[in-house]
Amino acid sequence: MAQLFDFGLVGLGVMGRNFLLNVADHHFSSIGLDTDAQKVADLKKEGNSDDIEGTLDKVEFIKKLARPRKIMLLVPAGGPVDHVIADLLPLLDSGDLIIDGGNSHFEDTNRRFTSLKSKDIHFMGAGVSGGSEGARKGPSIMPGGDRTAYQLIKPVFEAVAAKVNNEPCVDFMGQGSAGNYVKMIHNGIEYALMQLIGESYHIMKRGLQLDNPSLKQTYYDWNQGDLQSFLVEITSQIFDKKDDVVPGDLVDQILDKAKQKGTGKWTSQNAMDLGIAIPTIDAAVSMRQISGMKDIRMTASEKYTEASHLPTSDPSIDEVRDALYFAFIISYAQGMDQLSRASEEYQYGLNLECIAKIWRGGCIIRARFLEDIRLAYQNDPSLDSLLLSPVIVQKINAVIGATRKVVQYTVAKGIPTLALSNALNYFDAFKSAHLPLNLIQAQRDLFGSHTYERQDRPGVFHSDWN
Ligand code: 6PG
């Protein structure tokens, strides 16, 4: 009898191939399926062992999998996922498991979950973070769906995931689309952190006139302290890379237009649906959109040539670091708040301490600070907001003064910091006992009889403003 494989993977792009090789390294025999002969050949070349197989033939793929079959899809989100499922479905047997490991929209996952359940096929949406290197060496994995089906794949996921303190960066997130939802929020936070690092770069490059070697050293130094994180680490590396087309550094040749696949935008859209404020993440999404208007920006820059008018003193590099740290905290806090609200709304039953734990390794937003977040939720699992945890209050108080100075400097200099200044404003609003929204209530009541509440007594009121 021919060998039956433990694990199947559809989509042998770099992510898929690397994930499959990682699975096989951990002694789960694996077979890959793709429609591209070159990709199948690449897999066979790199994974030269009896435990690894690649095929172009879906019937062979299905036949060679041990039952219940465990099949993971790493194909682009949207239509391709539906297409692969429709293709495989007639060949599957009751009790088989399909795992979508891409960045699918959580509502698509809900639809697929319900439809496959009615056909007695298990379906899970599992966020996988860490890029192609993470897939090969250990990603952070966020599976959701039904808990019983998770048991089928748990040994594989725990073996291949990144490890922090010997604990795997994977856990069952919750029912239905919880896995894709948590990954979506991960990406929203990823957008915010990337934008904030970009702004700190802008302050130091255009404002403080640091050259690339100094920037490299600065991010390297920052990565040794509280800001230790994958994104700060790779930022330091970026300044080292020489261009191989023209003399100079590659970073200076890259066009300032950032692309996006949509997960950051979905986070913002969903926050609106949930009535949750995540303005720093929204700002990061907006900045990607503004970055795309390169031609208009260039024209506008010629029309607005004002010099800096406000008197200001330069912040120190340490103060820029503290401001970045502050805004990192705010970004994570916004994401965690959204997870907490979504858990109620969609009944995911999310465990925020566990999410902070599995984000400490493997994923793109891994950072030393996640241990503080984990502690905050361990100390109080029902925290109304991360920003109310004593652990976090202490950290913010230590850097808030520097943040104000840096934002003041950027305002005076005309250096755009949509995300950083927005993080500060969000924080100031968050901690304000009084906001001027009483005026908005008055306006609404005046023009639309929308009513208002009063400070001094309960009830709903309307006034004749004339
Ligand atoms: C990860 C990343 C990854 C994402 C890229 C690109 O966790 O490994 O989030 O899943 O696809 O970062 O995202 P954008 O194209 O939207 O920037």
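All values reported here derive from a predicted model rather than from experimental measurement.

*Asks:* Help me out: how do you make sense of the packing of helix 8 (residues 178-207) against helix 10 (residues 230-238) in this one?
*Replies:* Two numbers describe a pair of packed helices, the interaxial angle and the distance between the axes. Relative to each other, helix 8 and helix 10 sit at 40°, their axes nearing to 10 Å. Relative to helix 10, the element helix 8 lies oblique. Considering only the axes of helix 8 and helix 10, their crossing is right-handed. Contacts between helix 8 and helix 10 involve Glu190, Leu193, Met194 and Ile197 from the former and Leu231, Val232 and Thr235 from the latter.

*Asks:* Honestly, the nonpolar core in this entry has me stumped. Any pointers?
*Replies:* As a rule of thumb, nonpolar side chains are buried together in soluble globular proteins. Judged by nonpolar contacts, the single largest core of 85 residues is most densely connected at Phe326, Leu339 and Trp359. In terms of domain composition, this core takes at least three residues from each of domain 1 (7-176) and domain 2 (187-430).

*Asks:* Help me out: how do you make sense of the packing of aromatic side chains in this one?
*Replies:* The geometry of two aromatic rings is summed up by the distance between their centres and the angle between their planes. What the rule picks out here adds up to 17 aromatic pairs. Taken together, a centroid distance of 5.7 Å and an interplanar angle of 35° make the contact between Tyr150 and Phe172 tilted. Of this pair, Tyr150 sits in helix 7 (residues 147-160) while Phe172 sits in the loop between strand 9 (167-168) and strand 10 (174-175); the two residues are 22 residues apart in sequence, bridging distant segments of the chain. Take Phe172: its relative accessible area is 10%, and that puts it in the buried class. The ring of Tyr191 has Arg288 sitting right over it, with the charged end atom 3.6 Å from the ring centre. Taking NZ or CZ as reference, Arg454 lies 5.7 Å from the ring centre of Phe461, over its face.

*Asks:* What should I look at first to understand the sheet that holds strand 10 in this one?
*Replies:* Across a sheet, paired strands are connected by hydrogen bonds in the backbone, their directions being either parallel or antiparallel. Spatial strand order, 3-2-1-4-5-6-7-10: eight strands in an open sheet with mixed pairing. On the outer flanks of this sheet lie strand 3 (52-55) and strand 10, each paired with one strand and no other. Bridge count for strand 2 (residues 30-33) against strand 3 is four bridges, and the pairing is parallel. Directly across from Ile31, in strand 3, lies its bridge partner Glu53. Strands strand 1 (7-10), strand 2, strand 4 (70-73), strand 5 (97-100) and strand 6 (122-129) of the sheet are contacted by helix 4 (residues 79-88), whose axis makes an angle of about 155° with strand 4. Sheet strands touched by helix 5 (residues 106-117): strand 5, strand 6 and strand 7 (140-145). Its angle to strand 6, the strand with the most contacts, is close to 150°.

*Asks:* Just to check I follow, could you spell out the state of the cysteines for this structure?
*Replies:* Think of a disulfide as a covalent bridge from one cysteine sulfur atom to another cysteine sulfur atom. A full pass over the atoms with the stated rule returns zero disulfides. With no disulfide of its own, Cys363 lies 7.4 Å from the sulfur of Cys169, the closest cysteine sulfur. Residue classification places Cys363 among the buried residues on the basis of a relative accessible area of 0%.

*Asks:* I keep staring at helix 10 and nothing clicks. Help me out?
*Replies:* Structural remark: α-helix, 3.6 residues per turn; residues separated by three or four positions point the same way. Considered for burial, the residues of helix 10 that qualify are Phe230, Leu231, Val232, Thr235 and Ser236. Contact partners of the buried residues in helix 10: helix 8, helix 9 (212-222) and helix 14 (317-345).

The rules behind each value
- Residues numbered from 1 in each chain as written.
- Predicted model: local features only at pLDDT ≥ 70, side-chain atom pairs only at ≥ 80, totals over all residues.
- Heavy atoms only, no water.
- Axes fitted to C-alpha atoms, helices over the stretch in contact; angles between N-to-C directions.
- Helix = DSSP H or I, 4+ residues; strand = E, 2+ residues; numbered from the N terminus.
- Parallel < 35°, antiparallel > 145°, perpendicular 65-115°, else oblique.
- Left-handed = near helix turned anticlockwise from the far one by under 90°.
- Contact = heavy atoms within 4.5 Å.
- Core = buried A, V, L, I, M, F, W, Y, C linked by side-chain atoms within 4.5 Å.
- Buried < 20%, exposed > 50% of the residue type's maximum accessible area, 1.4 Å probe, protein only.
- Domains from an automatic or database assignment.
- Phe/Tyr/Trp six-rings, centres within 6.5 Å; stacked < 30°, edge-to-face > 60°.
- Lys NZ or Arg CZ within 6 Å of the ring centre and 35° of its normal.
- Pairing = 2+ DSSP bridges.
- Disulfide = S-S within 2.5 Å.

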